[in-house]
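# Examination of the molecular architecture
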Amino acid sequence: MDLIIPTNHVHEGFCSFEHFNRKSTRNTGSFGTGVRANMKVYVGCKAPFLVQSADSLECKKPKGFRKQRRNRVFAVSKVETLSFNGKLKHDETHVNGHLNNGHISSSTVNSSQNFEELESNNHLRRLVRNGELEEGFKFLESMVYHGDIPDIIPCTSLIRGFCKLGRTRKATRVMEIIEDSGAVPDVITYNVLIGGYCKSGEIDNALQLLDRMSVAPDVVTYNTILRTLCDSGKLNLAMKVLNKQLEKECYPDVITYTILIEATCKESGVGQAMKLLDEMRSRGCKPDVVTYNVLVNGICKEGRLDEAIKFLNEMPSYGCQPNVITHNIILRSMCSTGRWMDAERLLAEMVRKGCSPSVVTFNILINFLCRKGLLGRAIDILEKMPKHGCTPNSLSYNPVLHGFCKEKKMDRAIEYLEIMVLRGCYPDIVTYNTLLTALCKDGKVDAAVEILNQLGNKHCSPVLITYNTVIDGLSKAGKTEQAMKLLDEMCGKGLKPDTITYSSLVGGLSREGKVDEAIKLFHDLERLGIRPNVITYNSIMLGLCKARQTYRAIDFLADMVMRGCKPTEATYTILIEGIAYEGLAKEALELLNQLCSEGVVKKSSAEQVAAKM
């Protein structure tokens, strides 16, 4: 059992303490060989005191140990140190002489901190500030090895840097080094590491660290853990953590309850969430607009739109004014249930109450109208946006462009693309993919290729789906040679082709009668680790059947089944037509009837195939 024994007062307002181990000192003097060698130095500011450590009494010193870990005397009174978040605060003494805030900046007057240690901490700070994390880590190890106590602020930054990179094991090691050095991590340091664990999905590590923190966790600590648990669907465990939080008299804030209310809405319904709201109020924690928005969203998702509207209207009586997000939640629900007139009224009510609609508000309406084919009304909304102080973005224009493409009004779609650019709204890759898909479907592949070639100049990099769309369009238009060039181009840009890319090319080559080239490309898939799908196989079989090589097509069917790729009705009809095409109509018809009786081929499909024979 460790004892802290008060000794004589050493200075006015100061007293010293010696840290002994009861078992070790039983048969020795004050500092015999039995004294525990791994003792810490603790710092106090509000009630300053002196701590003596027996760390230096270890029998063996590591090779190269430049100086002993001296008995340190900290005489600090009412010192204000700069905390990690940049705000000045008073350091407060914790139970048993621990500091509540271990941040001791280089500007703190410290009678025992030598110039060399000060310079070491400054160098550590510079390394971390410059993002040299690995160098900072090595220097921190060196500092502690030579007996220097590191400053908590750069150490916390080092932990944060490693956590941002997902290197939580290295961040954990930094924490271990800090704790072993005699420095005292504060709650901010622990929160940073816990946040890193949560971001990396290491919730068990976060919970373990919570249990062994040397300082009291704060509400931020708990909120970080609760958010991760709730997002992972572990509401029951989150409620247990909340109970621990209450036991430790760390009272939940509005963020805590909002996190739990949102999770409860998803898992147990709004009714249960309302009970949590009542508990929140009974504890004197006032819900804010975010809390109420979570509940409104939950009510809407349960399909109780009228109740949500009633809740919206009652919010001012709860002491909380609904904001634009509240209205957007209800507006989206109105549109999804086809209540367009109610949505228009709600928009007018928002403006009347002085709640300015946002870009999201208008985008919800534009999306809904375009899906319903009401492009004229959607364009009216789009044109009115600037009058309400909202500048349309790509998400405002994309549904309109998609609507025109769907109606095969490509000229209007391209016209609105130009309007977008003239108004300073630059199209995104979704805009271009929409146009390219429509152009290819309409057979205007040359225009699609032209737009694709211009994307680089428009600072909009094409993605895999962009190339797949144009490659498929070219392949279907009988321009596989040009499509193959695009394949080389996309590979040169570091984009990896997938099954869709190769299926389009294989299909194009087969249709053009270049079946051997198609088979060669098919075998390239194995080398690249890409698994062919039923469309790839069907394309090869179709090419072989057209070339009167049905026997090879049947081999591909066997290979297809062996690889676990299930044939479709189209697979069998291709083969039946291929057999008939080779002059074996009778055999083809018998096979068709057999497949039809077994339910492999539908009767309607069988009749269509039979009519072609």
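Treat the numbers as computed from the prediction; the structure is a model and nothing was measured. (Residues numbered from 1 in each chain as written. Predicted model: local features only at pLDDT ≥ 70, side-chain atom pairs only at ≥ 80, totals over all residues. Heavy atoms only, no water.)

## A short note on the overall build of the protein chain
Along the protein chain, the regular secondary structure elements total 29 helices and 5 strands. When each of the 613 residues of the protein chain is scored for burial, the buried share is 48%. Residue pairs at least 24 apart in sequence account for 57% of intrachain contacts in the protein chain once pairs closer than 6 positions are excluded. A total of about 31600 Å² of accessible surface is found on the protein chain, and carbon and sulfur atoms cover 53% of it. (Helix = DSSP H or I, 4+ residues; strand = E, 2+ residues; numbered from the N terminus. Buried < 20%, exposed > 50% of the residue type's maximum accessible area, 1.4 Å probe, protein only. Contact = heavy atoms within 4.5 Å. Areas by Shrake-Rupley, 256 points an atom, 1.4 Å probe, with all protein chains shown as cover.)

## Details of the packing of helix H21 (residues 464-476) against helix H23 (residues 499-511)
Running from N to C, H21 and H23 point in directions that differ by 10 degrees, and their axes come no closer than 9 Å. Viewed along their axes, H21 and H23 adopt a mutual orientation that is roughly parallel. Every residue of H23 that contacts H21 at Leu464, Asn468, Ile471, Asp472, Ser475 and Lys476 is listed here: Ile500, Thr501, Ser504, Leu505, Gly508 and Arg511. Within the contact of H21 with H23, the residues separate by chemical class into 4 nonpolar, 5 polar and 3 charged. (Axes fitted to C-alpha atoms, helices over the stretch in contact; angles between N-to-C directions. Parallel < 35°, antiparallel > 145°, perpendicular 65-115°, else oblique. Nonpolar A, V, L, I, M, F, W, Y, C, P; charged D, E, K, R; others polar.)

## Focus: the nonpolar core
Ranked by size, the top nonpolar core spans 153 residues in total, and within it Ile159, Ile225, Ile261, Leu295, Ile330, Tyr416 and Met541 carry the most contacts. With residues near it in sequence (within four places) discarded, isoleucine 330 still touches Val296, Cys300, Leu305, Ala308, Ile309, Leu312 and Leu346. Among the nonpolar cores identified, the runner-up in size contains 9 residues, and Ile576, Leu592, Leu595 and Val609 belong to it. (Core = buried A, V, L, I, M, F, W, Y, C linked by side-chain atoms within 4.5 Å.)

## Quick notes on the side chain of asparagine 121
Secondary-structure assignment places asparagine 121 in helix H1 (residues 115-129). Separated by 2.7 Å, the side chain of asparagine 121 and the backbone nitrogen of aspartate 151 make a polar contact. (Polar contact = N/O pair within 3.5 Å; in protein donor to acceptor, adjacent residues only side chain to side chain.)

## Quick look at the packing of H21 against helix H22 (residues 480-492)
Where H21 contacts H22, the axes come no closer than 8 Å and their chain directions differ by 165 degrees. Judged by the angle between their axes, H21 and H22 are roughly antiparallel. Helix-helix and strand crossings are classified by hand; for H21 and H22 the assignment is left-handed. From H21, Leu464, Tyr467, Val470, Ile471, Leu474 and Ser475 reach across to H22, where they touch Thr480, Gln482, Ala483, Leu486, Leu487, Glu489 and Met490. Per-class residue counts for the contact of H21 with H22 are 9 nonpolar, 3 polar and 1 charged. (Left-handed = near helix turned anticlockwise from the far one by under 90°.)

## Quick notes on the pattern of salt bridges
For the structure on display, the rule yields 28 salt bridges. Note that lysine 409 and glutamate 407 form a salt bridge whose closest N and O atoms lie 3.1 Å from each other. Using a relative accessible area of 36% as the deciding quantity, one classes glutamate 407 as partly exposed. For glutamate 415, the salt bridge goes to arginine 412, with nearest N and O atoms at 3.3 Å. In this pair, glutamate 415 and arginine 412 are both assigned in helix H18 (residues 410-422), 3 residues apart and thus about one turn of the helix distant. With a relative accessible area of 33%, arginine 412 lands in the partly exposed category. Salt bridges sharing common partners tie together Asp306, Arg339, Asp342 and Arg345. (Salt bridge = Lys/Arg side-chain N within 4 Å of Asp/Glu carboxyl O.)

## Considerations on the packing of aromatic side chains
All told, the structure shown has 8 aromatic pairs when counted by the stated rule. Here the guanidinium or amino end of lysine 170 rests over the ring plane of phenylalanine 137, the centre of that ring lying 4.5 Å away. Taking the ring centre of tyrosine 318 as reference, the NZ or CZ of arginine 281 above it sits at 5.4 Å. (Phe/Tyr/Trp six-rings, centres within 6.5 Å; stacked < 30°, edge-to-face > 60°. Lys NZ or Arg CZ within 6 Å of the ring centre and 35° of its normal.)

## Things to note about helix H13 (residues 324-336)
Spanning 13 residues, H13 covers 18 Å between terminal C-alpha atoms, matching the ideal 18 Å at 1.5 Å per step. All buried positions along H13 are accounted for by Thr326, His327, Asn328, Ile329, Ile330, Leu331, Ser333, Met334 and Cys335. Along its buried surface, H13 packs onto helix H11 (289-301), helix H12 (305-314), helix H14 (340-353) and helix H15 (359-371). Measuring from the backbone nitrogen of isoleucine 325 back to the side-chain oxygen at the start of H13 gives 3.1 Å, which picks out asparagine 323 as the cap. One or two positions beyond H13, positive phi appears at glycine 338, with a value near 80 degrees. (Expected span 1.5 Å × (residues − 1).)

## A word on unusual backbone geometry
In this structure, glutamate 249 takes a positive phi of about 60 degrees despite not being glycine. Within the secondary structure, glutamate 249 is located in the loop between helix H8 (235-247) and helix H9 (254-268). Unlike most non-glycine residues, lysine 408 shows phi in positive territory, near 60 degrees. Here lysine 408 shows up in the loop between helix H17 (394-406) and H18. Its relative accessible area of 63% is what places lysine 408 among the exposed residues.

## A word on the confidence of the model for the protein chain
Chain-level statistics for the protein chain give a pLDDT mean of 81 and a share of 81% at 70 or above. Confidence over residues 1-113 falls short of pLDDT 50; this stretch has 214 contacts with residues more than four positions distant or in other chains. (pLDDT = per-residue confidence, 0-100.)

## Concerning the environment of isoleucine 225
Relative to the helices and strands, isoleucine 225 is located in helix H7 (residues 219-231). Residue classification places isoleucine 225 among the buried positions, given a relative accessible area of 0%. With residues near it in sequence (within four places) discarded, isoleucine 225 still touches Ile194, Cys198, Ile203, Ala206, Leu207, Leu210 and Val241.

## A closer look at the side chain of threonine 228
You can see threonine 228 is positioned in helix H7. In this structure, threonine 228 is in contact with Cys198 and Ile203, ignoring residues within four places of it in sequence.

## Description of H18
When the terminal C-alpha atoms of H18 are compared, their 18 Å separation across 13 residues agrees well with the 18 Å that a helix rising 1.5 Å per residue should span. Inspection of H18 places Met410, Ala413, Tyr416, Leu417, Ile419 and Met420 among the buried residues, and these make up the whole buried set. Buried residues belonging to H18 abut helix H16 (375-384), H17 and helix H19 (429-441). Directly after H18, the chain includes glycine 424, whose backbone phi takes a positive value near 85 degrees.

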